[in-house]
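# Chain and residue survey
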Amino acid sequence: MRTLIATCAIGAAAMAAPAAAQTVYVNQGSDWTPSLRQQFYTQDQGARIMPLGWMRALTLPGGGTFLHDALARYGYLPMTGRQEADLPAGFTTNGSGADMAVGMTCSACHTRQIEVSGTAYRIDGGPGIVDFQSFLKDLDDAVLAVLAEDAAFNAFADKVLGSGASVSERNALKAEVEVWSNRFHTLISRSLPDPAWGPARLDAVSMIFNRLAGLDLGDPADDHLIPENIAVADAPTRYPFLWNAARQDFTQWPGFSANGNDLLGLSRNLGEVYGVFAEFHPQPQSGVLFNRDYISQNSANWGGLKALEEWIWDIGAPQWPWELDHDLAAQGEAVFNRTAAEGGCVACHGKKKGKFRSIFHTTWETPILDAGTDTRECGVLTRTVKTGVLEGASIPLTGTTLGAEAKAFDVLAVSVIGAIVQHSLGAFGEDFVATAKAAEATPGNDDDRDALSEFEDLRKAFPTGDNAGMLKSAAEPGCKYEARVLDGIWAAAPYLHNGSVPTLRDLLTAPADRPVSFKPGPNYDIEAVGMAAEQTAFDQVIETTGCDQLDSGNSRCGHDYGTSLSAADKTALLEYLKSI
């Protein structure tokens, strides 16, 4: 929805909720400066949820404006001094005038704030403690309410267009809102699970698949919708932390995606933008590389994505801001460095040189292991969807094409890789582009393959075609996940990939003895190292299952490493994990 019918008639009527009385920005290294932080909070990446003027005109059931608290009720964080005072950190704008839209960027989901004794501690790049599901549901409901009654729409239109707008202008606005609502409600009504993800969690992979396959690939006459491609997103995961995320040699929770250089980072981030409401509608077009146009209707901000990836390299792991027992931490380091059989961590989580990805950066090895944890995430990777306008499209760099149905993963790969290559070819001459087309048409020809060698790493970003070994393993019993370096792990609760364990102390107990349920929130327990038992920010309770329901999406089972350590060794290990 790139064109609106009139300029928004109002400004930012709501003000952000005030920050805590004292907010401490935790030390994350000298490379992470206040200036970079401000840019990280506001850098547009091309997401366009809805026109900003619309969101400002929406109201809640109680009568307040939707943005009255800058979305603090969902856990999004205030940004002092921001010009758009009604938008929190991580919510962005792009376009101008009637075309200005509100979107999201990395920091909306990857900025953490915890509280200890009334003091707030801000951790950039940390897993957000935000309730994204409630935000989506409430936004859907607010727009449905606008369309439910003439009086509600007229009040909305007065705010968006001004009270002097003509009947034709109001009718045009209503038609646009109806299209937006039909698309958004189709996504939300089919995607959101019960029980809900809860704060600090979401099923990101399912939502990216749903957003792309459900809303972007259908016939334009059907508003691009393919509703049957949308599945319930019931495999929640914890938001990952971003420090050292760019340095892993593989990434994503199941570890399927090669990582560690700018091109691989771009592929990771472009897929994420599709998930948070970039405008993207690929179209058949003969004569172009891959026989589809992935660029003309694609709102991705390529410069913004490049900048964000560069800044992620600068975010350091947060340093523990409270007192440490250094002698005890040294004892804990010795426990950490034991073998796995002895309850140690270093075999899976130690720093070891990873695969070569770039001359500019080294990577860390990222083991991909089955630790006996919840398996539902792997089932998501095997989903099949209708390909819509992408039927017959060639899968870039593989020499194969999509049929009428395909793995959702392959559809995402085509949409990401095709867009990156087509965007990048704009910097090359016509001769190179012609050679690249020949290379795609004859993938077995080594001379022609050389023409696309600059993009060869993209074959590792998505395991498609003959490079699908890791994806194929998703259909096998169990489920393998990445084992990351643990710097800053103290700031990343709840634990396990699905956020089913509230503290590190709980993680060091046998799965049967871990909490069956807990309330997620920002109150922090510095002894247990994780979410405190008492929380007031949210009402939701995360109910977990045991090892008898390993595919529930909420199983607390698995990762029983260290559970048989002595009490003294566990205490020492926790102190060490605070220190790194």
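Position numbers for residues start from 1 in each chain and track the written sequence from start to end. Given that the model is predicted, a residue must reach a pLDDT of at least 70 before its local features are reported, and side-chain atom pairs must reach 80 or more before they are shown or counted; all residues, however, enter totals for whole chains, interfaces and linings. Processing note: side-chain calculations cover all non-hydrogen atoms of the structure and skip hydrogens and water entirely.

## Remarks on the pairing of strand 3 (residues 91-94)
Residue exposure (1.4 Å probe, protein chains only): buried if accessible area is under 20% of the type maximum, exposed if over 50%, otherwise partly exposed. Helix and strand labels come from DSSP, where a helix needs a run of H or I of at least four residues and a strand needs a run of E of at least two; each type is numbered from the N terminus. Burial of the side chains of strand 3 extends over both faces: Phe91 and Thr93 are buried on one face and Thr92 and Asn94 on the other. Connecting the antiparallel pair strand 3 and strand 4 (residues 101-104) is a turn made up of six residues, with Gly95 showing a positive phi of about 80°. When DSSP finds two or more bridges between two strands, those strands count as paired.

## Some details on empty space enclosed by the protein
Both site types are read off a 1 Å grid over the protein atoms alone. A 1.4 Å probe that fits but cannot get out defines a cavity, while an open set with protein on both sides within 12 Å along at least five of seven lines defines a pocket; lining residues have an atom within 4 Å of a point. Grid points are joined across faces, edges and corners, and a volume is the space filled by probe spheres set on the points. Per the counting criterion, the structure on display carries four cavities of 30 Å³ or more. Taken as a whole, the largest cavity holds about 890 Å³ of empty space. Around the largest cavity, the lining comprises 47 residues; the ones closest to its centre are His110, Ala204, Ile208, Gln252 and Glu272. Secondary-structure elements contributing two or more residues to the lining of the largest cavity are helix 3 (106-109), helix 4 (132-148), helix 7 (204-215), strand 8 (237-238), helix 8 (262-275) and helix 13 (408-425). If you tally residues by element for the lining of the largest cavity, the top one is helix 8, at six residues. Just so you know the grouping, Ala, Val, Leu, Ile, Met, Phe, Trp, Tyr, Cys and Pro go in nonpolar, Asp, Glu, Lys and Arg go in charged, and all remaining residues, Gly too, go in polar. Classifying every residue of the lining of the largest cavity gives 29 nonpolar, 11 polar and seven charged. Roughly 590 Å³ of volume is contained in the second largest cavity. Considering the residues around the second largest cavity, the lining is formed by 30 residues, among which His349, Leu486, Leu496, Leu507 and His559 are closest to the centre.

## Some details on the sheet that holds strand 1 (residues 23-25)
Taken in spatial order, the three strands make up an open sheet running 1-6-5, and their pairing is mixed. Only two strands of the sheet have a single neighbouring strand rather than two, namely strand 1 and strand 5 (111-116). Taken pair by pair, the neighbouring strands of this sheet meet at an average axis angle of 25°, ignoring direction. Sheet analysis places strand 5 next to strand 6 (residues 119-124), joined by six bridges and oriented antiparallel. By the bridge assignment, Thr111 is partnered in strand 6 with Asp124. Set on the sheet, helix 1 (residues 34-42) makes contact with strand 1, strand 5 and strand 6; between it and strand 6 the angle comes to about 80°. Here, axes are lines fitted to C-alpha atoms. For helices the fit covers the stretch in contact, and angles between N-to-C directions go from 0 to 180 degrees. By definition in these notes, contact holds between two residues if any of their heavy atoms fall within 4.5 Å.

## Remarks on the packing of helix 8 against helix 13
Taken N-terminus to C-terminus, the directions of helix 8 and helix 13 make an angle of 120°; their axes are 10 Å apart at the nearest point. Between helix 8 and helix 13, the angle is such that the two are oblique. Handedness of the crossing formed by helix 8 with helix 13: right-handed. Counting all contacts with helix 8, which are made through Leu263, Leu266, Ser267, Leu270, Gly271 and Tyr274, the residues of helix 13 involved are Leu412, Ser415, Val416, Ala419 and Ile420. Roughly parallel means an angle under 35 degrees; roughly antiparallel, over 145; roughly perpendicular, 65 to 115; everything else is oblique. Working rule for handedness: look at the near helix, and if it is turned counterclockwise from the far one by less than a right angle, call the crossing left-handed; if clockwise, right-handed.

## Considerations on the packing of aromatic side chains
The rule is short: rings of Phe, Tyr and Trp, with Trp giving its six-membered ring, pair when the centres are within 6.5 Å, and they are stacked under 30 degrees, edge-to-face over 60, tilted in between. Counted according to the given criterion, the structure contains 25 aromatic pairs. Relative to Phe135, the ring of Phe91 has its centre 5.7 Å away and its plane inclined at 80°; by these criteria the two rings are edge-to-face. Here Phe135 lies in helix 4 and Phe91 lies in strand 3, a separation of 44 residues in the sequence. Judged by relative accessible area, which is 0%, Phe91 ranks as buried. Each member of the aromatic cluster is reached from another via a ring pair, and the members are Phe66, Tyr74, Tyr76, Phe91, Phe132 and Phe135. The lysine or arginine in question, Lys174, covers the ring of Phe153, its NZ or CZ lying 5.5 Å from the ring centre. Geometrically, a charge over a ring is one whose NZ (Lys) or CZ (Arg) sits within 6 Å of the ring centre while staying within 35 degrees of the ring normal.

## A look at the confidence of the model for the chain
As a per-residue quantity, pLDDT reports the predictor's confidence and falls between 0 and 100. For the chain, per-residue confidence averages 90 on the pLDDT scale, and residues scoring 70 or more make up 89% of the total. Every residue in residues 1-20 scores below 50 in pLDDT, and together they form 60 contacts with partners more than four places removed in sequence or on other chains.

## Description of the pattern of salt bridges
Any Lys or Arg side-chain nitrogen located within 4 Å of an Asp or Glu carboxyl oxygen qualifies as a salt bridge. Enumeration over the complete set of coordinates arrives at 19 salt bridges. Members of the salt-bridge network, linked through shared partners, are Arg48, Asp99 and Glu279.

## Looking at helix 10 (residues 326-336)
Considered for burial, the residues of helix 10 that qualify are Leu328, Ala329, Gly332, Val335 and Phe336. The buried residues of helix 10 occupy an angular sector of 105° when projected down its axis, which confines them to one face. Counted as exposed and oriented over 90 degrees from the buried face of helix 10: His326 and Asp327. The secondary structure elements touched by the buried residues of helix 10 are helix 11 (346-349) and helix 19 (567-579). The directions from the helix axis to the C-beta atoms form the arc being described.

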